Amino acid sequence: MTNETAINSLEKIRTYCAADLLDALEYVIDVMKKLEADGVKDPLNTDFKKL
């Protein structure tokens, strides 16, 4: 799965998300977009200590 696929999926989920969870979901979407913009293509297998 790519970051873009995950972001697109999360944005679709946002439509059906409970109101009290929207802030957390928006945060996750923003983090994924930041990782993508910074060139982190595989965040689960990235050693962030080296970045």
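Residue numbers run consecutively from 1 along every chain, following the written order of its sequence. Residue-level local features of this predicted model are given only where pLDDT is at least 70; pairs of side-chain atoms are given and counted only at 80 or more, and the full residue set underlies all totals for whole chains, interfaces and linings. Only heavy atoms go into the side-chain values, all of them from the structure, while hydrogens and water stay out.

## Overview of the pattern of salt bridges
Then step 1. The salt bridge definition used is simple: a Lys or Arg side-chain nitrogen within 4 Å of an Asp or Glu carboxyl oxygen. Across all of its chains, the model carries four salt bridges by this definition.
Then step 2. Residue glutamate 11 pairs with lysine 33 through a salt bridge whose shortest N-O separation is 3.1 Å. Of this pair, glutamate 11 sits in helix H1 (residues 3–14) while lysine 33 sits in helix H2 (residues 22–37), and the two are 22 residues apart along the sequence.
Then step 3. Glutamate 11 sits in the partly exposed class, given a relative accessible area of 23%.
Then step 4. In this structure, the salt-bridge partner of arginine 14 is glutamate 26, at a minimum N-O distance of 2.7 Å. Taken as a pair, arginine 14 in helix H1 and glutamate 26 in helix H2 lie far apart in primary sequence, twelve residues in all.
Then step 5. Accessibility here uses a 1.4 Å probe with only protein chains present; expressed as a share of the type maximum, an area under 20% marks a residue as buried, one over 50% as exposed, and anything in between as partly exposed. Classification of glutamate 26 as partly exposed rests on a relative accessible area of 29%. Each helix is a run of DSSP H or I of at least 4 residues and each strand a run of E of at least 2, with the numbering of both proceeding from the N terminus.

## Observations concerning H2
Then step 1. An expected span of 1.5 Å times one less than the residue number is assigned to each helix. Between its first and last C-alpha, H2 extends 22 Å over 16 residues, near the 22 Å set by a 1.5 Å rise per residue.
Then step 2. Within H2, burial applies to Leu25, Ile29, Met32, Leu35 and Glu36. Taken around the axis of H2, the buried residues stretch over an arc of 125°, which confines them to a single face. Of the residues in H2, the exposed ones pointing more than 90 degrees away from the buried face are Asp23, Tyr27, Lys34 and Ala37.
Then step 3. In this fold, the buried residues of H2 make contact with H1.
Then step 4. Positive backbone phi, at 85°, marks glycine 39, one or two positions downstream of H2. Note that the arc is defined by the directions from the helix axis to the C-beta atoms. Throughout, a residue-residue contact means that at least one pair of heavy atoms, one from each residue, lies within 4.5 Å.

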